[in-house]
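Survey of secondary and tertiary structure
As a plain string of letters, each chain reads:
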Amino acid sequence: TATMLLGLGSSERNQEAIAEGNLFLGMHYYLQGKLDRAINHFEEVDKRKNYLIGPHKLFNATALSAAYFYAGYKVKFSVYVERQNHYFNSSGGQVYRDFWQTHYQEFNIKLNDELWSEHYFLTQEFKLVPISNHTDPNLIQIRIMLAQKKLDRALVEKKIDRLASFTQSIHGTRVLQSLIIARAILLYRCEAITGALELFNKALDYIKGSGNLMIIAEYNRSVLPLITMTLTSSDAYKTLLNKVLAIIDPAEKIELTRREAEILAQLDLSNKELAEHLFISEKTIKRHKNG
């Protein structure tokens, strides 16, 4: 479809087709984690945003902002996000402003690398159809809540269940797979390690086949413990997860001692059980866990 649209020519009457074709191709490359190629297409869309309907302007703005961030282009990211923030707050309907503000707050959290303790929108419900997993405000809420130091398990579970129920009704496969990862992170945060890994591996099977790396990467550092544990215990997803690590943080290097790796793979055991199993003291177990 994108190729057909871009093949219509570059005349003035075809600018909308060029914008839409680039938008489709941009998302194709974005979901595979090919961020530079995605950015090239999204920037072509941005040049022609006046030819797009409102939702597609918003869709491209959030996608380009996310691509800049994950590609590590912090200056471009900051300038563009501020410009778009001014644009959406001075034009369009309230629904677009609410939509953008949710993204804007997530972008600021990522840019500042801080975990905020409270967000005014975490208890809100956004009555918007998910266009894609990374543009749905309800999913952004879930991602932000999972990154909080203090986790409200009941509220996160409620939001996951509500979004999963809605997404099943519209057959939104990507969002459903993203919610599987959200449940895995939630279980990990609640120390249900075995269940967390089972769910995470279930999602990885889908992602390995589809190539949609951003489904994992958009959880940013919240998903790093599950990636580490999976890499420690199996080589089945090594190539896939290393690509995801390169998107989340190109400088990220996970280096564990042999003992730390042993403990990481058995975190569902208590400190006492680990100490007995590994023939070391509980104090030493705690030191390795901190490591």
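These numbers were taken from a predicted model, which means no experiment stands behind them.

Rules behind the numbers
Residues numbered from 1 in each chain as written. Predicted model: local features only at pLDDT ≥ 70, side-chain atom pairs only at ≥ 80, totals over all residues. Heavy atoms only, no water. Helix = DSSP H or I, 4+ residues; strand = E, 2+ residues; numbered from the N terminus. Buried < 20%, exposed > 50% of the residue type's maximum accessible area, 1.4 Å probe, protein only. Contact = heavy atoms within 4.5 Å. Areas by Shrake-Rupley, 256 points an atom, 1.4 Å probe, with all protein chains shown as cover. Core = buried A, V, L, I, M, F, W, Y, C linked by side-chain atoms within 4.5 Å. Salt bridge = Lys/Arg side-chain N within 4 Å of Asp/Glu carboxyl O. Phe/Tyr/Trp six-rings, centres within 6.5 Å; stacked < 30°, edge-to-face > 60°. Lys NZ or Arg CZ within 6 Å of the ring centre and 35° of its normal. pLDDT = per-residue confidence, 0-100. Polar contact = N/O pair within 3.5 Å; in protein donor to acceptor, adjacent residues only side chain to side chain. Axes fitted to C-alpha atoms, helices over the stretch in contact; angles between N-to-C directions. Parallel < 35°, antiparallel > 145°, perpendicular 65-115°, else oblique. Nonpolar A, V, L, I, M, F, W, Y, C, P; charged D, E, K, R; others polar.

**Quick notes on the overall build of the protein**
- A count of helical and extended segments in the protein gives 16 helices and zero strands.
- The burial tally for the protein puts 49% of its 291 residues in the buried class.
- Within the protein, contacts between residues separated by at least 24 positions form 59% of all contacts whose residues are at least 6 apart in sequence.
- Here the protein has roughly 14500 Å² of accessible surface; of this, 51% comes from carbon and sulfur atoms.

**Description of the nonpolar core**
- Formed by 76 residues in total, the largest nonpolar core has its most connected members in Tyr30, Phe42, Ile181, Phe200, Ile216, Val223 and Ile227.
- For this core, the leading source of residues is helix α4 (residues 54-71), giving ten residues.
- Discounting residues that sit within four places of it in the chain, Ile216 has contacts with Ile181, Phe200, Leu204, Ile207, Val223, Ile227, Leu241 and Val244.
- Ile263, Ala275, Leu278 and Ile285 belong to the second largest nonpolar core, which has five residues in total.

**Some details on unusual backbone geometry**
- The phi dihedral of Glu191 is positive, around 65 degrees, even though this residue is not glycine.
- Topologically, Glu191 is positioned in the loop between α9 (173-189) and α10 (193-210).
- Even without being a glycine, Asn220 presents a positive backbone phi close to 55 degrees.
- With respect to the element layout, Asn220 can be found in the loop between α11 (214-217) and α12 (224-233).
- Owing to a relative accessible area of 15%, Asn220 belongs among the buried residues under this scheme.

**A few points about the environment of Leu269**
- Assignment of secondary structure puts Leu269 in the loop between α14 (258-264) and α15 (271-278).
- Between the C-alpha atom of Leu269 and that of Ile193, which follows or precedes it by 76 residues, the distance is 9.2 Å.

**Quick word on the pattern of salt bridges**
- Scanning the model with the defined rule gives seven salt bridges in all.
- The residue Arg48 makes a salt bridge to Glu44 at a minimum N-O spacing of 2.9 Å.
- Overall, Arg48 belongs to the buried group, its relative accessible area being 16%.
- Residue class for Glu44 comes out partly exposed when judged on its relative accessible area of 25%.
- In this structure, Glu218 and Arg143 form a salt bridge, with 3.9 Å as the shortest nitrogen-oxygen distance. Taken together, the residues span a long stretch of sequence, with Glu218 in the loop between α11 and α12 and Arg143 in helix α7 (residues 137-146) at a distance of 75 residues.
- Residues joined in a network through salt bridges with shared partners are Glu44, Lys47 and Arg48.

**Thoughts on the packing of aromatic side chains**
- Per the counting criterion, the structure on display carries six aromatic pairs.
- An aromatic cluster is present here, built from Phe69, Tyr70 and Phe77 joined pairwise through their rings.
- Looking at Lys76, its charged tip hangs above the ring of Tyr73, at a distance of 5.8 Å from the centre.

**Points about the confidence of the model for the protein**
- Looking at the protein, pLDDT values average 84 and 89% of them are 70 or higher.
- Between the elements of the protein, mean pLDDT differs from a low of 75, seen in α14, to a high of 95, seen in helix α3 (residues 35-47).
- Low confidence marks residues 128-134, where pLDDT is under 50. Its contacts with residues over four positions away, or in another chain, come to 35 contacts.

**With respect to the side chain of Gln148**
- Among the structural elements, Gln148 can be located in the loop between α7 and α8 (153-169).
- Engagement of the side chain of Gln148 in a polar contact is seen with the backbone oxygen of Ile144, the distance being 3.1 Å.

**A short note on the packing of α10 against α12**
- Remark: α10 packs on α12, axes separated minimally by 10 Å, with the N-to-C direction vectors making an angle of 85 degrees. In terms of their interaxial angle, α10 and α12 are classed as roughly perpendicular. Judged by residue contacts, Ile193, Ala196, Leu197, Phe200, Asn201 and Leu204 of α10 engage Leu226, Ile227, Met229 and Thr230 from α12.
- Tallied by class, residues from the contact of α10 with α12 come to eight nonpolar, two polar and no charged.

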